[in-house]
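Chain by chain, the residues:
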Amino acid sequence: MLRYIVNRLLIVVPLLLALTVLLFVYVHAVPGDPIAGMLGPNGTPELIAQIRTDRGLDRPLLEQYWSWLSGLVAGDLGVSLISGQDITPIVIDRIPATLQLTFAGLFFVILIGFPAGYLAGKYKGGWLDRILSPAALIGLSMPSFWVGTLLILLFGVQLRWFPTGGYVAFEDNSWQSLRLTFMPALVLGITLSPFLARMVRASTAELTREPFVVQARTRGLLPGTISRRYLMRNAILPVVVIIGMQLGTLIGGQVIVEQLFNWPGVGRLLIEGAVRRDYLLVQSLIFVIAVIYIMINLLTEVVHAWLDPRVRL
Amino acid sequence: MSTVPRIARIGMPGLRVRDLPTGGVQAITFHAIVHHRRALLGALLTAIVLLIGVVGSFWTPYDPMTFDTGPAFTPPELAHPMGTDVYGRDILSRVMAGAQVSLLVSAGAVLGSLIFGTIIGLLAGYLGGFVDVVLTRIVDIMLAIPGLVLALGLVTLLRPSAFSVSVALIAVYTWQFARIVRSSVVAVRHRPYVEAAKGLGSSGLSIVFRDIFPTVLPVLIVQVATAFAWGILDEAAIGFLGLGVQPPSPSWGSLLIEGRQYLYDAPWLPVGAGAVVMVAVLGVNLLGDGLRDIVDPRSGGAHL
Amino acid sequence: MTETTPLIRVEGLTVEFPVRGSTVRAVDDVSFEVSRGEIVGLVGESASGKSTLGLSLLRMVPPPGEVRAHRMEFDGRDLSALTESQLRQIRGSEISLIVQDALATMNPVTTVLEQITQVVRDHEGVRSRRVLRERAVQALRDVQLPDVEMNLGRFPHELSGGMQQRVAIAQGLILGPKLIIADEPTTALDVTVQAEILALLKQIRDSGTSIVFVTHDLATVAEICDRVLVMYAGRIVESGTVAEVFAEPQHPYTQGLLASLLPLGGEPPERLEAIPGQPPRPDAWPSGCRFHPRCVLWKSKGEPHICRDEDPRPDESQPHWAACHFALEGAGS
């Protein structure tokens, strides 16, 4: 198991390295002068030049890259273009909130998506299946910020069950923290569970026709046993894989949700940076987000290997 | 799968109940779409939305930018079917104007990524070797960055406008197209008829167009539909984040910024505007699903 | 229920599938018996209906197939009158099924121990882990699985093909069934492993369990079966003891099958004799005797009309009979 993890990590490192190169090229290949854009009409040439020097942007590209990269390795995310401040502490500060929302979102995605897909697939063609498929399609088509707004309208404004935004750290006030997490996580769950449900449905339906399931009936096993140990136990396997595949969409959705609910995560920081055209911040943040993405992906692979004995390496 | 044990194969002992439908691009006919429930519904919804967009480009009930076409915060009524906003602007008119933006941005994004993605995919798939390895690595890496995040990153560098959103989305969707095209090309590259064509001296390019494209096309068409749906959603999302078309120009996303802001006073704004987005995306998704079924009938059963 | 009551008594068994508005029969009006403690071979090519017949004994023909019979008795009980719940109790405990691909029949995520004991748990309600483990160990020893202790903790994909089949047999055996339906259990195995499994099956027979051995391979039938039923196009075309049928096959189909076996020793034949043509599909059965288009005897007799017009109706009370107009006349080749 350990060897497997180390193995995967070894593949990841060059990937991340290549990512930094690509990011750097990408970000610097775009036309226009961000500093000028940032300063707007206040930007006198001297001011622009001064800030450029101050942020180290007048150095040769290669040197900039190297300095950024070595910083990344050391855990230093560089400075903000706008404020000149160190980005790292700000980001670190926001990671707990980010991860709390990510995992809460995943929780809802699985909570909604798996049972729905499983039952739809097990009783394929049944009433649940016929309701679920259109429901899934509608769910897929709903913009997350719309769902969120509607939920706020319903639960926050009309029913007043939940506060409509904000964040409290878990260790400070667990109950309130959870209450605040509920709606944003639910939005993620609603918009992303259709993907999961669809695929679980397909794989479960195939499962019911698998020889070993048929054979279990031949052996006169109790229907409950077949359902639990044969169907369900095997149906959860693809869930982990699918989550890995959907992770990118989840993170994208989380960025929007953080904005909508005033959630102080890395996503919202990214937007702030984007709005203010702080491309140094954005560059490092994209890298951080990519790292989080890859790490969680790796985690899903490990979980999958743990659940499925055929995958053990 | 000849090792499937008999116990699973006994159902229709050796029978062919009917000829398997052939699918492929030629299967996409008017007739096919009309007879496929989801495709038909999708096509209708998409057509309606397109119509709104087209009409909205030269006529709306009121000028979308004019203040005080009616009292502010009017709920939906006959004169203002979607109500008015904080400045008394007619929401329906703004939605119609916004439709144009959304559809154009999405179409542009899809077109651009289709072109670039196909080129990359063709190069990687057909040339193989070092070129393939390098390109595939790049595709993998770009796909490792969550799409919206990457788009945001790009929009940061360009001035917020419909065009920059389109460009950013091209940069996100290209890789998906590239991957799909590449795998189609690779699958076909070694087939006997391609080898034969090569042997007969056909030039690479003509082989590509005559032999490889027909296989790729159906998958591409479905992906185009999917990407178009995503385009509408993403454009609205980026607009919602304030990085797209800037106010007072209406776009579906920015309408929802207002919607969130004035949630207490004018709930019909977010509800209505968002519903339109949903219907548009739903229509395209239905159409895409339907097309997928028509083009590749063997995938039937995977979704209802 | 005396000891001489046959274990299985089937009369007029038919399995139908609705297709395109009409129905098609995979098994057509079949009657036979299986006594206690014997191995009956069920031989035929593909689409002969032999596998479907095996499944129908378990009432596990997949929908939309329908099973009908004048009589379908197991151990004196009327199978067609039992509820699904009663059938469930019989399956796995009194009648077991073994198939060709053992790996495909096992749950990939549970260990050997869990798989084997599940049957005991569900049928006998035993909960004690210790007892379950002992039963599993005993069952695996009975099928001569090497390294029992180690293999208990393994997963199915970690075992070799022969071991997988043994585990599958153990699962079928652990509750002491009266009947085992074995559908091509050795076809996918190496020759040496095949021999071992066949020996194992013989031992199982010796301890009182009957086996219906479904196969297309006459050689294995010769090795372990006591009686044999030859199936063609949904019907039984010949029935008798192995000794009788192999020594004096009465039906041209059986003769053809036997002729295509390579004889051990002696001169290699000049040509492999295969039966010309393909087995017919259930929706397109030939009229009269279903074998006649491929029948060498028919051709050699100048294609007599009777084979095309009339279905042979043999006297099934005879110990050795064949469904052929010319077998009835006593004229075999």
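All names here are of chain C. In this fold, E11 is placed in strand β1 (residues 8–19). On the basis of neighbour counts, which here come to 15 C-beta atoms within 10 Å, the residue E11 falls in the partly exposed class. As for E11 and D75, which are separated by 64 residues in sequence, their C-alpha atoms are 15 Å apart. Among all residues touching E11, those that are not within four sequence positions of it are S31, A69, H70 and R71.

Right, let's talk about the interface of chain A and chain B for a bit. Chain A puts 51 residues into the contact, and the matching count from chain B is 46 residues. Taken together, the residues of the side of chain A that touches chain B sort by class into 36 nonpolar, 10 polar and five charged.

All names here are of chain A. If you check the domain split of chain A, you get domain 1 (2–87) and domain 2 (94–312). One C-alpha centre belongs to domain 1, the other to domain 2; they are set 32 Å apart. Between domain 1 and domain 2, the residue contacts involve 21 residues of the former and 18 residues of the latter. For the side of domain 1 that touches domain 2, the secondary-structure elements that each account for two or more residues are α1 (2–29) and α2 (34–39). Broken down by element, the side of domain 1 that touches domain 2 gets its largest block of residues, nine residues, from α1. For the side of domain 1 that touches domain 2, the per-class residue count stands at 15 nonpolar, four polar and two charged.

For the rest of this paragraph, the subject is the sheet that holds strand β8 (residues 179–183) of chain C. Residue and element names in this part refer to chain C. Taken in spatial order, the seven strands line up as β7-β8-β9-β3-β10-β11-β12 in an open sheet, and their pairing is mixed. Across the chains shown, the open sheet's two edge strands, defined by having one partner strand only, are β7 (95–98) and β12 (321–322). On top of the sheet, helix α6 (residues 161–173) reaches β7 and β8; it is set at about 170 degrees to β7, its chief contact.

Time to look at the confidence of the model for chain B. All names here are of chain B. Scored by pLDDT, chain B has a mean of 79; 83% of the residues are at 70 or more. Put simply, helix α1 (residues 6–9) is where chain B has its lowest mean pLDDT, 38, and helix α4 (residues 91–127) is where it has its highest, 89. Interface confidence for the predicted complex, given as ipTM, is 0.82, next to a pTM of 0.80.

All names here are of chain A. Here helix α6 (residues 127–141) crosses helix α8 (residues 174–209) at 135 degrees, and the two axes come no closer than 8 Å. When the interaxial angle is binned, α6 and α8 end up oblique. Classified by chirality, the crossing of α8 by α6 is left-handed. On α8, the residues touching L132, A136, G139 and L140 of α6 are I190, T191, S193, P194, F195, A197 and R198.

Here the focus is the environment of V112 of chain C. Residues and elements named next belong to chain C. Counting through the fold element by element, V112 comes out in helix α3 (residues 112–124). Given 26 C-beta atoms within a 10 Å radius, V112 is considered buried. Sequence separation between V112 and F155 is 43 residues; the distance between their C-alpha atoms is 5.9 Å. When sequence neighbours within four positions are dropped, the list of residues in contact with V112 reads N151, L152, R154 and V167.

Residues and elements named next belong to chain B. At a minimum axis separation of 8 Å, helix α10 (residues 252–261) and helix α11 (residues 268–295) run at an interaxial angle of 155 degrees. What the angle tells us is that α10 and α11 run roughly antiparallel. Both α10 and α11 take part in a crossing whose hand is left-handed. Across the interface between the two elements, W252, L255, L256, E258, G259 and R260 from α10 touch L269, P270, A273, G274, V276 and V277 from α11. A class-by-class count of the residues in the contact of α10 with α11 yields eight nonpolar, two polar and two charged.

Looking now at the pairing of strand β3 (residues 39–43) of chain C. All names here are of chain C. Of all five residues in β3, five are buried, a share of seventy percent or more. Relative to strand β9 (residues 210–215), β3 runs parallel, the two being bridged by five bridges. Across the sheet, residue V40 finds its bridge partner in β9, namely V212.

This part takes up the pairing of strand β11 (residues 235–241) of chain C. All names here are of chain C. In terms of residue burial, β11 counts as a mostly covered element, since six of its seven residues are buried. Alignment of strand β10 (residues 227–232) against β11, held across six bridges, turns out to be antiparallel. Within β11, the position partnered with R227 by the bridge is T241. Where β10 folds back onto β11 in an antiparallel hairpin, the turn is made up of two residues, including A233, whose phi is positive at roughly 50 degrees. Pairing analysis gives two bridges linking β11 to β12, with the strands arranged antiparallel.

In this section: helix α9 (residues 211–218) of chain A. All names here are of chain A. Of all the eight residues making up α9, seven are buried; the element is thus mostly covered by neighbouring parts of the structure. All of the buried residues along α9 are P211, F212, V213, V214, Q215, A216 and T218. One or two positions beyond α9, positive phi appears at G220, with a value near 70 degrees.

Cut-offs and rules
Here, residues in each chain are numbered from 1, in the same order as that chain's written sequence. Chains and ligands are labelled by the order in which they are written, letters from A for the one and numbers from 1 for the other. Predicted model: local features are reported for residues with pLDDT of at least 70 only, side-chain atom pairs are reported and counted for 80 or more only, and whole-chain, interface and lining totals are derived from all residues. By definition, any uninterrupted DSSP run of H or I lasting at least four residues is a helix, any uninterrupted run of E lasting at least two residues is a strand, and each is numbered from the N terminus. Counting other C-beta atoms within 10 Å of a residue's own tells you its class, since 20 or more makes it buried, 12 or fewer makes it exposed, and anything in between is partly exposed; those C-beta atoms are placed from the backbone. Residues are defined as contacting one another if the C-beta atoms placed from their backbone atoms lie within 7 Å. Gly counts as polar in this scheme, as do all residues outside two lists: the nonpolar Ala, Val, Leu, Ile, Met, Phe, Trp, Tyr, Cys and Pro, and the charged Asp, Glu, Lys and Arg. All domain edges in this entry derive from an automatic or database-based domain assignment. If DSSP finds at least two bridges between two strands, the strands pair. Axis lines are fitted through C-alpha atoms, for helices just across the contact stretch, and the angle between N-to-C directions can take any value from 0 to 180 degrees. A residue's pLDDT is the confidence the predictor assigns to it, expressed on a 0 to 100 scale. Comment on the angle field: the value is read as roughly parallel under 35 degrees, roughly antiparallel over 145, roughly perpendicular from 65 to 115, and oblique elsewhere. Whether a crossing is left-handed or right-handed is set by the direction in which the near helix is turned from the far one by less than a right angle, anticlockwise for left-handed and clockwise for right-handed.

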